Every structure is written in structure tokens, then in C-alpha cells.
Amino acid sequence: MKDNKIPEYYKGKNGYMAKDVVSNFDLNYNIGTAVTYLIRCKKKHNDSGMEDLCKAINHLNFEIDLILKEAVNKIPNIREWHYINANVVKKKKKLAKLQ
């Protein structure tokens with residue numbers, strides 16, 4: 001029988017795990033995945049946490065995209081939509097430069 005040992009980078013103090021945080025707060029997939037990457041940041045890879053930080057940012061951007069797509073149907077004023085979207089795009093470009 002295969003031993004399903006959980007890697008140490010998934011465990012925090014007292015054995016509390018990222019999946020427990022995600023479950024306890026009822027986080028959706030993208031936000032929960034981002035939280036998991038942030039919690040294990042600097043523990044899995046030898047890159048000062050950069051890989052996990054970038055992955056977390058990607059999942060947060062995926063969530064922002066979903067929120068904006070849902071918002072399109074709820075915003076009656078198209079100018080307001082363009083203003084919101086333009087600000088999000090600017091923020092994404094700044095984050096992309098950091099990656």
C-alpha cells in the first residue's frame with residue numbers, strides 16, 4: 001500500500017494545513033488556491049518564494065476576471081464599466097512588470 005505522506009511545506013505550526021484554512025473560510029477555488037500558494041511560499045522552492053507568489057497572483061487575477069465578467073451584466077452605465085475595467089487592467093500591467 002502506498003504511503004500518502006503529506007509534504008512538510010503544506011503544514012504550518014501544530015500541523016495545521018493550508019487546506020484547513022481554505023475549508024474553514026469556505027474559499028472558492030481561485031482564492032483558496034492563491035491562499036495555499038501564499039501559505040507555502042518560501043517553503044517549497046529555493047527562489048525566495050517568487051514562484052508561489054506569481055502563482056498566487058495569477059489565481060487572484062483569474063478571480064478578478066470572473067468578477068468583472070459577472071459585473072458586466074450588473075452595471076447599467078457602460079462608462080462606469082470602462083472606468084472599473086481600465087483601473088484593473090492598469091493594476092494587472094503593473095503586477096506583470098514585477099513578475
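The coordinates are above.
Residues numbered from 1 in each chain as written. Predicted model: local features only at pLDDT ≥ 70, side-chain atom pairs only at ≥ 80, totals over all residues. Heavy atoms only, no water.

Caption draft 1: How the structure looks around helix 2 (residues 29-40). The end-to-end C-alpha distance of helix 2 is 16 Å, a good match for the 16 Å that 12 residues give at a rise of 1.5 Å each. Residues N30, G32, T33, A34, T36, Y37 and R40 constitute the buried set of helix 2. The elements touched by buried residues of helix 2 are helix 1 (18-24) and helix 3 (50-72). For helix 2, the N-terminal capping position is held by N28, with its side-chain oxygen 3.3 Å away from the main-chain nitrogen of N30. (Helix = DSSP H or I, 4+ residues; strand = E, 2+ residues; numbered from the N terminus. Expected span 1.5 Å × (residues − 1). Buried < 20%, exposed > 50% of the residue type's maximum accessible area, 1.4 Å probe, protein only. Contact = heavy atoms within 4.5 Å. Polar contact = N/O pair within 3.5 Å; in protein donor to acceptor, adjacent residues only side chain to side chain.)

Caption draft 2: Just helix 3, in detail. Between its terminal C-alpha atoms helix 3 stretches 33 Å, which fits the 33 Å expected from 23 residues at 1.5 Å a residue. Those residues of helix 3 lying buried are D52, C54, A56, H59, N61, E63, L68 and A71.

Caption draft 3: Fine view of the side chain of T36. Tracing the backbone through its elements, the reader meets T36 in helix 2. For T36, a relative accessible area of 18% corresponds to the buried category. Beyond its immediate stretch of four places on either side in the chain, T36 contacts Y10, A18 and V22.

Keep in mind these values describe shape, not function.
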